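Commentary on secondary and tertiary structure
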Amino acid sequence: MKMISTGSFAPEIRFRTQTGDWFCPKDLRGQKLILFFCPLDAEERDYEIADFAMLASAFARCGAWIVGILPSGAALEKRSFGKGISLVEDVDGSGASSFSVWLNGGAPAQGTAPATFFYDRDGRLCHIWRNAPLAGHACKVLEAAEGFK
């Protein structure tokens, strides 16, 4: 599978929401979109989600939606981090495959590597962060989002 690159549109995939509905990244065209794949480790995952949630109002002010993508079975229904951040589940791993974020070259049992994808209002991929250190990562993504009209 070809790795996605800047300038491309989001793959035609869908994720399950906390309400059981389905979310597709193309549904948010016309708005900035931050998609971040959460790490498998629960402590790291909670840290990353909380970091983005803490900046949710700043992301909203610059017109960006934040969507955290949890690995299948990560207790999606129990997570609540307030307004401004949506959590979805990659039920069948198609999101991780489409975005090429599997650990160790494609072993679903080992989970996904942390990765963040920033899409502009036209739905084009502007920035990719792969395996970025968790500390300060959400701030760097916010800076990029604020830099786009």
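The structure reproduced in this document is the subject of the present report. (Residues numbered from 1 in each chain as written. Predicted model: local features only at pLDDT ≥ 70, side-chain atom pairs only at ≥ 80, totals over all residues. Heavy atoms only, no water.)

All right, on to the overall build of the chain then. The helix and strand tally for the chain stands at 4 helices and 7 strands. Starting at the N terminus and ending at the C terminus, the chain contains elements arranged as β-β-β-α-α-β-β-α-β-β-α. Nonlocal contacts in the chain, meaning residues at least 24 apart in sequence, comprise 62% of its contacts between residues at least 6 apart. About 7500 Å² of surface is accessible on the chain, with carbon and sulfur atoms providing 53% of the total. (Helix = DSSP H or I, 4+ residues; strand = E, 2+ residues; numbered from the N terminus. Contact = heavy atoms within 4.5 Å. Areas by Shrake-Rupley, 256 points an atom, 1.4 Å probe, with all protein chains shown as cover.)

In this section: helix α4 (residues 137-146). Within the span of α4, buried status applies to His137, Ala138, Val141, Leu142, Ala144 and Ala145. Around the axis of α4, the buried residues are gathered within 160° of arc, so they sit on the same side. Residues Lys140 and Glu143 are exposed on α4 and point more than 90 degrees away from its buried face. Buried residues along α4 sit in contact with β3 (32-37), α1 (42-54), α2 (56-61), β4 (64-71), β6 (115-119) and β7 (125-130). (Buried < 20%, exposed > 50% of the residue type's maximum accessible area, 1.4 Å probe, protein only. Arc of directions from axis to C-beta.)

Per the counting criterion, the structure on display carries 7 aromatic pairs. Seen in terms of ring centroids, Phe37 and Phe99 are 5.2 Å apart; in terms of plane orientation they differ by 55°. Their pairing is tilted. Of this pair, Phe37 sits in strand β3 while Phe99 is found in the loop between α3 (94-98) and β6, placing the two residues 62 residues apart along the sequence. Like Phe37, the residue Phe99 is buried in the burial classification. Arranged with centres 5.3 Å apart and planes meeting at 70°, the rings of Phe118 and Phe148 form a pair that is edge-to-face. Of this pair, Phe118 sits in strand β6 while Phe148 is found in the segment after α4, placing the two residues 30 residues apart along the sequence. (Phe/Tyr/Trp six-rings, centres within 6.5 Å; stacked < 30°, edge-to-face > 60°.)

Looking now at the environment of Cys24. One can find Cys24 in the loop between β2 (22-23) and β3. Relative accessible area serves as the criterion here: at 11%, Cys24 is assigned to the buried category. Spatially, the C-alpha atoms of Cys24 and Glu12 are 7.2 Å apart, while their sequence positions differ by 12 residues. Here Cys24 is in contact with Ile13 and Arg14, once residues within four sequence places are set aside.

Here the focus is the packing of α1 against α4. The geometry of α1 relative to α4 is characterised by a closest axis approach of 9 Å and an angle of 40° between their N-to-C directions. Judged on the interaxial angle alone, α4 and α1 are oblique. Judged by the twist between their axes, the crossing of α1 over α4 is right-handed. Taking contact as the criterion, the partners of Glu48, Asp51 and Phe52 in α1 are, on α4, His137, Ala138 and Val141. Across the contact of α1 with α4, the residue classes tally to 3 nonpolar, 1 polar and 2 charged. (Axes fitted to C-alpha atoms, helices over the stretch in contact; angles between N-to-C directions. Parallel < 35°, antiparallel > 145°, perpendicular 65-115°, else oblique. Left-handed = near helix turned anticlockwise from the far one by under 90°. Nonpolar A, V, L, I, M, F, W, Y, C, P; charged D, E, K, R; others polar.)

Next up on the list: the side chain of Asp120. In this structure, Asp120 sits in the loop between β6 and β7. Arg124 provides the closest opposite charge to the buried, unpaired Asp120, separated from it by 6.2 Å. A polar side-chain atom of Asp120 sits 3.0 Å from the main-chain amide nitrogen of Asp122. Non-local contacts of Asp120, meaning those with residues more than four positions away in its chain, are made with Gln31, Lys32, Cys126 and Phe148. (Lys, Arg positive; Asp, Glu negative; His and termini not counted. Salt bridge = Lys/Arg side-chain N within 4 Å of Asp/Glu carboxyl O. Polar contact = N/O pair within 3.5 Å; in protein donor to acceptor, adjacent residues only side chain to side chain.)

None of the figures reported here should be taken as evidence of function without further support.
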